[in-house]
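Listed below, chain by chain, are the residues.
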Number of protein chains: 4
Amino acid sequence: MNFCSDNTAGAHPRILEAIAAVNRGAAMPYGNDEITRRVEKKICDVFERECSVFLVGTGTAANALALSVLAPGYGAVFCHPESHINMDECGAPEFFTGGAKLVGVPGAHGRIAEHDLDRAIKAGGIGVVHHVQPTTVSITQATEAGTVYRAADIAAIAGVAHRHGLALHMDGARFANALVHTGSSPADLTWRAGVDALSFGATKNGAFAAEAVVFFDPARAAGFGYRRKRAGQLWSKMRFLAAQFEAYLDGELWLANARHANRLAAELAQGLAAIKGARIEHPVEANEIFVTLPEQVIRGLEADGFSFYRWMDASSTTLRLVTSFETDPAHVATFVASARRHAAAAA
Amino acid sequence: MNFCSDNTAGAHPRILEAIAAVNRGAAMPYGNDEITRRVEKKICDVFERECSVFLVGTGTAANALALSVLAPGYGAVFCHPESHINMDECGAPEFFTGGAKLVGVPGAHGRIAEHDLDRAIKAGGIGVVHHVQPTTVSITQATEAGTVYRAADIAAIAGVAHRHGLALHMDGARFANALVHTGSSPADLTWRAGVDALSFGATKNGAFAAEAVVFFDPARAAGFGYRRKRAGQLWSKMRFLAAQFEAYLDGELWLANARHANRLAAELAQGLAAIKGARIEHPVEANEIFVTLPEQVIRGLEADGFSFYRWMDASSTTLRLVTSFETDPAHVATFVASARRHAAAAA
Amino acid sequence: MNFCSDNTAGAHPRILEAIAAVNRGAAMPYGNDEITRRVEKKICDVFERECSVFLVGTGTAANALALSVLAPGYGAVFCHPESHINMDECGAPEFFTGGAKLVGVPGAHGRIAEHDLDRAIKAGGIGVVHHVQPTTVSITQATEAGTVYRAADIAAIAGVAHRHGLALHMDGARFANALVHTGSSPADLTWRAGVDALSFGATKNGAFAAEAVVFFDPARAAGFGYRRKRAGQLWSKMRFLAAQFEAYLDGELWLANARHANRLAAELAQGLAAIKGARIEHPVEANEIFVTLPEQVIRGLEADGFSFYRWMDASSTTLRLVTSFETDPAHVATFVASARRHAAAAA
Amino acid sequence: MNFCSDNTAGAHPRILEAIAAVNRGAAMPYGNDEITRRVEKKICDVFERECSVFLVGTGTAANALALSVLAPGYGAVFCHPESHINMDECGAPEFFTGGAKLVGVPGAHGRIAEHDLDRAIKAGGIGVVHHVQPTTVSITQATEAGTVYRAADIAAIAGVAHRHGLALHMDGARFANALVHTGSSPADLTWRAGVDALSFGATKNGAFAAEAVVFFDPARAAGFGYRRKRAGQLWSKMRFLAAQFEAYLDGELWLANARHANRLAAELAQGLAAIKGARIEHPVEANEIFVTLPEQVIRGLEADGFSFYRWMDASSTTLRLVTSFETDPAHVATFVASARRHAAAAA
């Protein structure tokens, strides 16, 4: 029973069916096929707007490519210190931008606060030739702490960014999980709140390798097709990427998947919170739980065969637990029961 | 009936079955799963040697990443002017290497000749600080002209490269097609002939997004895992990439697929060669035919609904025709018959 | 007696005097000093237009930095195959642009012809995602063959470039030599003919380390100050760079220097042309002579202690001879006399 | 009277004399001249060791180029958050390394402490594919806070770095000032303490544009000449760079200059420390003083025409005062007297 990551999940059956369904006859390569066009159109519909949409294979590629047009090499990208782009992409944003600097703006529960961002940008030395220039803000939705920015939060951040002339990028690797938590529309949670470009993830929530970069102002996307190609992200048999996304959006599979994962995360958090000595570290708003448990309980869970990460290091007693679209509710119940049993034994 | 490219084909059914088969239960992400390990091992077996193997999603990524460790930013990569890395990757090698220069070495039928390479390297100014430094040679197997390097050809090129201290890369996007043409073993056609790193393609020959970078000397692969990650090529749900490769190699599917494509290409070439006014431009050794036909014949074929490219531009009367693992022999026969009919009508 | 390059010359005494003259008291660093402002203004005056002017230390830096804003990483820069940016900067343009590709457009006597450029751009695949995108043209003035583009030549090239949406850069390492040859004004030979950005050289013609990047449309220079800084080209004690340029332009020293060099080159060419078996390879329009001489004559000149390069390799009987602002007329006469003597002896 | 920076100083007269002295006759360009060879040899003598020495024009270039061989694009460079490479080079290290990440290790008085470095490296995730890899440490000598690392401090830092397999770079923009403070030999303060590469500055201490990158293990310098060239840092008339360095080292001018600057800094600090309400923020060990003064005193000094920076922003009451080789002792005395007068008036 694996709570390590939503990446340990497989693909949703309907997505594999879609893959099989498109495997008929010849299709023009490199995105010049009907399925890709249909998906690009569908994503525009989801966001109620003409967008420039580019499918790519991984979330790291989506983020780094998006940033490569939002930040010049001499730019500064303001982001949470624990953000995926800063911590977990082995320098992909720096590589794709030609050397932009990621500047950490700490904030509680994985979120950047409006005034902290404002202060950081002001301290960044706009116009001073010796300093990398503030050009970009990137936020993660849901955050690495499992929390969510509401539309108003995003609007506040976008306000600061745009007032200083910076673009706003959203790493939406778990966009669906955030969306269903807020109840907002995709448009409200992105461009209507001021987001300029979105990394729209599907991989963690049901696909196996499907992400999209969405520019809400097509003018920003000039030349992006060339960037995708030279980054090795333009699939020749693109229909197999597009089909994943199509099935992901069809019949609101994405939202159903996210609701499932979020609901189980909430149940898991609720079950663990009742344990003596347990502390839920961040509000559980999406599909990640950060919970501190007594060492004995953790060892018991490990002995029972549950997989999860101690966060951020092997000696920590804070666990990160992640649910996904395919997490079995029974596994959640078993996990909570096991934790309670070990807690009782320890008492 | 589409002869535009082997990229217009779908995926082989056994490869989609493999995808479905691995979609059970949780698997550790980012290549830390059993299937990936198994495939890496299997590729070593195929090449009869301990290799460093890295799975990636596209051929452009495989080439550019391989070159990023074989050529420094101040390096020169000698390649055929019409090679994919030079013509069709939108500058990916330059991007990934940090600015290496691709230097064209022309040669008949898409192949680089030993003595031309030697002359080009000598003219490259080794040790002259003003010139990019000859560090790398890259050949394509099968070539962009549909021809094949035999083991002895490769050994001759490797000899020149190594004598001057250059590394030898092989873009094996159509490695299987070349292999079955020569009858050599994978080892004989690569490291035993002096190849240092191979982009081992599966996408064109049955997979939908699966390539591997193979370093025959693991020492060259130091740090490559980080490069793959920061390039956005490390799939989180890697089993879906690995499973493609596993099925590709299982039961020698790859060789059977390539034999099918090559055989139909030979039939197509034979059929067309007999037409009055037709000229086969390059030896047909793999799955590509370059054939010059009378304009009227071409128009007739277009009118009959066949898809193909005029090479290299829209007014050319030379066609590129490509067969694939899933090309229907009946389509080949129909194509030849149609061409003959139009030729007869034109006479 | 050294005819290897105009780089073997020292600095003009008036330029060293200027260096000494500015060495009084404190001056604000990084170009925030009066001398730098004065020079920037003066360069605008020279070109009769509001320009954005950036002083840098070397010609390679000037070219590569200028190209870094005129060509994106996925761009193609059309230039003569023998141009300095393509041959002699060890990949600096590729480095600074993040991987743009330099595409050679051959042409007689080091010049690119309008129709060849047009054909090359058309063949470049504008809008095709697999190809680097034609974005930039770069010409050298005077060329590497010692020839000069007239204003009308430049206008023709600029016409082609702009019609296809490409920017035009001029490598003016020997701009002064070209200018005095044509008799045109600096404005006529640059922006009035369609040049978008100029690398304005002073080093070869009297300074010791002083070049300027001049953007004729200041909008193109957005962010350039940051690029110069991060390239390590913003001198802290900038007055010592600016003072060189000021003295260079003061009292038209630059034009006098160039006239001297050109005049001696013409004399040298005239003297050598009369020798039996000699052939002047390119029109001598600036300060470089390419002359083929009998091997015995060359050996005689070498034995007499003259320094020069055999072009392009050590076994060639074509010499490149370069004059400079400080070439001694007596050396020219001696060289010619020596060549004649050896030619007579050989006869 | 300017205390803004040691960059506001001019060049030492003996350095300008040296420039004039080498301006005789032709010299081979690009460092193939006798003066350059002599200086490279002399720097080896200074460091009592065979080194690889590369002259460049600016300190930013020296640092960024040095780091470009010590850190791969996926590398992490540990440095003080306020270090010049992190704060004041507009991303040059990121540009030259192809995207390495600078990781701040805070420490009192501008210095990195051994155990903080050790902790930071351990937290850096060596071997974890998602994280940029700890490869490099960079320290500044003297630091940006005007303090100095002793040989033992450096050895401790080098010990940590090397134990984890990281290289140690020293930004020696003010190396002379640090050296004379410690009384150590150049060798003791660098390679004998474990420094792998040094940016050896001359510009701030008497030259006008002269820095050297010194590799104490020549093996690390492989390919560096090409990197310097493609960075636009290989001067064609190199003798004018080399001559600065030669005069800088001749007769120990560099040490005398640094002693002068340090002595005046100490006097200045001593004089200001006695003022009521003044606080010296960092030990004054080189030529920079950070002093907090009452706002009224600062305004008085400004009104008296002294130039200096409020640190780090315009509303701060902490001043950075910098002395140089040409600071007039009378100016120091006047400054102190003025400060005292304003302090008395305020009392």
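This text gives an overview of the structure that appears in the document.

About the criteria used
Residues numbered from 1 in each chain as written. Chains lettered and ligands numbered in written order. Predicted model: local features only at pLDDT ≥ 70, side-chain atom pairs only at ≥ 80, totals over all residues. Heavy atoms only, no water. Helix = DSSP H or I, 4+ residues; strand = E, 2+ residues; numbered from the N terminus. Rg over C-alpha atoms; globule rule 2.2 N^0.38 Å. Buried < 20%, exposed > 50% of the residue type's maximum accessible area, 1.4 Å probe, protein only. Contact = heavy atoms within 4.5 Å. Salt bridge = Lys/Arg side-chain N within 4 Å of Asp/Glu carboxyl O. Buried area = accessible area lost by both parts, 1.4 Å probe. Nonpolar A, V, L, I, M, F, W, Y, C, P; charged D, E, K, R; others polar. Phe/Tyr/Trp six-rings, centres within 6.5 Å; stacked < 30°, edge-to-face > 60°. Expected span 1.5 Å × (residues − 1). Polar contact = N/O pair within 3.5 Å; in protein donor to acceptor, adjacent residues only side chain to side chain. Least-squares fit on C-alpha atoms with pLDDT ≥ 70 in both. Axes fitted to C-alpha atoms, helices over the stretch in contact; angles between N-to-C directions. Parallel < 35°, antiparallel > 145°, perpendicular 65-115°, else oblique. Left-handed = near helix turned anticlockwise from the far one by under 90°. Pairing = 2+ DSSP bridges. Disulfide = S-S within 2.5 Å.

1. Brief notes about the overall build of chain A
Move 1: Secondary structure assignment for chain A yields 13 helices and 11 strands.
Move 2: Since a compact globule built from 347 residues should have a radius of gyration of about 20 Å, the 21 Å found for chain A is in line with a globular shape.
Move 3: Seen through its principal axes, chain A has C-alpha atoms that stretch 60 × 60 × 30 Å.
Move 4: Here chain A holds 347 residues, and the buried ones make up 66% of them.
Move 5: Counting contacts in chain A only where the partners sit at least 6 residues apart, residues at least 24 apart contribute 76% of the total.

2. Concerning the pattern of salt bridges
All names here are of chain C.
Move 1: For the structure shown, the criterion picks out 84 salt bridges over all chains.
Move 2: In this structure, Arg192 and Glu48 form a salt bridge, with 2.9 Å as the shortest nitrogen-oxygen distance. Linking Arg192 in the loop between α8 (175–182) and β6 (197–201) with Glu48 in the loop between α2 (34–46) and β1 (52–56), this pair joins segments that are 144 residues apart in sequence.
Move 3: For Glu48, a relative accessible area of 45% gives the class partly exposed.
Move 4: Two residues, Arg263 and Glu267, come together in a salt bridge whose shortest N-O distance is 3.0 Å. Here Arg263 and its partner Glu267 are both found in helix α11 (residues 253–273), 4 residues apart, which amounts to about one turn of the helix.
Move 5: The class for Arg263 is partly exposed, based on a relative accessible area of 43%.

3. Regarding the interface of chain C and chain B
Move 1: Facing 17 residues of chain C, the contacting portion of chain B comprises 17 residues.
Move 2: Approximately 1300 Å² of surface area, both sides summed, lies buried where chain C meets chain B, with 49% of it carried by carbon and sulfur atoms.
Move 3: Here C:Lys101 ties to B:Glu94 by a salt bridge, and the two come within 2.8 Å at their closest N and O atoms.
Move 4: Listed by contribution, the elements that provide at least two residues to the side of chain C that touches chain B are α4 (84–87), α5 (92–97) and β3 (101–104) of chain C.
Move 5: For the side of chain C that touches chain B, the residue count by class is 7 nonpolar, 6 polar and 4 charged.

4. Here's the deal with the packing of aromatic side chains
Residues and elements named next belong to chain D.
Move 1: Scanning all chains against the criterion turns up 90 aromatic pairs over all chains.
Move 2: Summarising the aromatic geometry, the rings of Phe54 and Phe224 are spaced 4.6 Å apart at their centres and angled 55 degrees between planes, so their arrangement reads as tilted. Placement of the pair is Phe54 in strand β1 (residues 52–56) and Phe224 in helix α9 (residues 224–230), with a sequence separation of 170 residues. Assigned by exposure class, Phe54 and Phe224 land together as buried.
Move 3: Considering the side-chain rings of Phe175 and Phe200, the 5.8 Å spacing of their centres and the 85 degrees angle between planes classify their relative orientation as edge-to-face. Of this pair, Phe175 sits in helix α8 (residues 175–182) while Phe200 sits in strand β6 (residues 197–201), placing them 25 residues apart in sequence.

5. Describing helix α2 (residues 34–46) of chain D
In an α-helix, one full turn covers 3.6 residues, which means residues spaced three or four apart are oriented alike.
Residue and element names in this part refer to chain D.
Move 1: With 13 residues, α2 should cover 18 Å at 1.5 Å per step; its first-to-last C-alpha distance of 18 Å lies within 8% of that length.
Move 2: All of the buried residues in α2 are Ile35, Thr36, Val39, Ile43, Cys44 and Val46.
Move 3: Of the surrounding secondary structure, the elements contacted by the buried residues of α2 are β1, β6, β7 (211–215), α10 (239–249) and α11 (253–273).
Move 4: Its side-chain oxygen placed 3.1 Å from the backbone nitrogen of Ile35, Asp33 serves as the N-cap of α2.

6. What about the relation of the copies chain C and chain B?
Move 1: Its rotation angle being 180 degrees, the transformation that places chain C on chain B also includes 0.0 Å of axial translation and leaves an RMSD of 0.0 Å. On this basis, the relationship between the two copies can be described by a two-fold rotation axis. Proximity to the rotation axis, assessed at the C-alpha, singles out C:Gly99 in chain C; its C-alpha lies 2.2 Å from the axis.
Move 2: By residue overlap, the copies meet face to face through one surface: 100% of the interface positions of chain C are interface positions in chain B.

7. A closer look at the interface of chain B and chain A
Move 1: With 50 residues of chain B at the interface, the matching set in chain A holds 50 residues.
Move 2: Carbon and sulfur atoms supply 60% of the area that chain B and chain A bury against each other, a total of about 3900 Å² over both sides.
Move 3: Sorting the residues of chain B by area buried against chain A places B:Phe95, B:Arg230 and B:Lys237 first, and these three jointly supply 20% of that buried surface.
Move 4: If you look at where chain B meets chain A, you find 24 residue pairs in polar contact (both at pLDDT 80 or more).
Move 5: Elements that contribute at least two residues to the side of chain B that touches chain A include exactly α1 (13–22), α3 (59–70), α5 (92–97), α9 (224–230) and α10 (239–249) of chain B.
Move 6: Among the residues making up the side of chain B that touches chain A, the classes are represented as 26 nonpolar, 15 polar and 9 charged.

8. Thoughts on the packing of helix α1 (residues 13–21) of chain D against α10(D)
Residue and element names in this part refer to chain D.
Move 1: Relative orientation of the contacting elements α1 and α10 amounts to 140 degrees, with a least axis distance of 8 Å. With respect to their mutual orientation, α1 and α10 come out oblique. The hand of the α1/α10 crossing is right-handed. Contacts from Arg14, Ile15, Ala18 and Ile19 of α1 reach α10 at Phe240, Ala243, Gln244, Ala247 and Tyr248.

9. Quick notes on the sheet that holds strand β3 (residues 101–104) of chain A
All names here are of chain A.
Move 1: In space, the 7 strands of this open sheet follow the order β1-β7-β6-β5-β4-β2-β3, with mixed pairing throughout. At either margin of the open sheet sits one strand with a lone partner, and together these are β1 (52–56) and β3. The average angle at which neighbouring strand axes cross in this sheet is 20 degrees, direction not considered.
Move 2: Of the strand pairs in this sheet, strand β6 (residues 197–201) and strand β7 (residues 211–215) are connected by 5 bridges, and their pairing is antiparallel. By the bridge assignment for β7, Ala197 is matched with Phe215.
Move 3: Sheet contacts for helix α10 (residues 239–249): β1, β6 and β7; angle to β1, the most-contacted strand, approximately 115 degrees.

10. Comments concerning the packing of helix α6 (residues 114–122) of chain C against helix α7 (residues 151–163) of chain C
How two helices pack is summed up by the angle between their axes together with the distance between the axes.
Residue and element names in this part refer to chain C.
Move 1: Interaxial distance between α6 and α7 falls to 9 Å at its minimum, and their mutual angle equals 15 degrees. With respect to each other, α6 and α7 are oriented roughly parallel. In terms of crossing hand, the pair formed by α6 and α7 is right-handed. Note on element contacts: α7 touches α6 through Ala156, Ile157, Val160 and Arg163, opposite Glu114, Leu117, Asp118 and Ile121.
Move 2: Of the residues belonging to the contact of α6 with α7, the class tally is 5 nonpolar, no polar and 3 charged.

11. Observations regarding the pairing of strand β7 (residues 211–215) of chain B
Residues and elements named next belong to chain B.
Move 1: Among the 5 residues that make up β7, 5 are buried, leaving the element largely enclosed by the rest of the structure.
Move 2: The two faces of β7 match: Glu211, Val213 and Phe215 on one face and Ala212 and Val214 on the other face are all buried.
Move 3: By the bridge criterion, 5 bridges tie strand β1 (residues 52–56) to β7 in an arrangement that is antiparallel. Opposite Val53, over in β7, you have Val214 as the bridge partner.

12. Brief notes about the side chain of B:Asn205
All names here are of chain B.
Move 1: Its place among the elements puts Asn205 in the loop between β6 (197–201) and β7.
Move 2: Look at Asn205 and you get buried, because its relative accessible area is 3%.
Move 3: The contacts of Asn205, once residues within four sequence positions are left out, are Ala176, Tyr248, Trp254, Asn257, Ala258 and Phe325.

13. A word on the state of the cysteines
Residues and elements named next belong to chain C.
Move 1: Across all of its chains, the model carries 0 disulfides over all chains by this definition.
Move 2: Cys79 forms no disulfide, and the closest cysteine sulfur to it belongs to Cys90, at a distance of 15 Å.
Move 3: According to the relative accessible area criterion, Cys79 is buried, its value standing at 0%.

14. Remarks on unusual backbone geometry
Move 1: Following A:Trp311, the chain continues to A:Met312 via a peptide bond in cis, the omega torsion being 0 degrees.
Move 2: Within the fold, A:Met312 resides in the loop between β10 (309–310) and β11 (318–322).
Move 3: For B:Cys90, which is not glycine, the phi dihedral falls at a positive 50 degrees.
Move 4: On the secondary structure map, B:Cys90 appears in the loop between α4 (84–87) and α5.
Move 5: Residue D:His109 is not a glycine yet carries a positive backbone phi of 55 degrees.
Move 6: Secondary-structure assignment places D:His109 in the loop between β3 (101–104) and α6 (114–122).

15. Focus on the sheet that holds strand β5 (residues 167–172) of chain B
Residue and element names in this part refer to chain B.
Move 1: In space, the 7 strands of this open sheet follow the order β1-β7-β6-β5-β4-β2-β3, with mixed pairing throughout. Each end of this open sheet is capped by a strand with a single partner; those strands are β1 and β3 (101–104). Here the strands of the sheet are splayed against their neighbours by 20 degrees on average, with no regard to which way each runs.
Move 2: Pairing of strand β4 (residues 133–140) with β5, which is carried by 5 bridges, proceeds in the parallel orientation.

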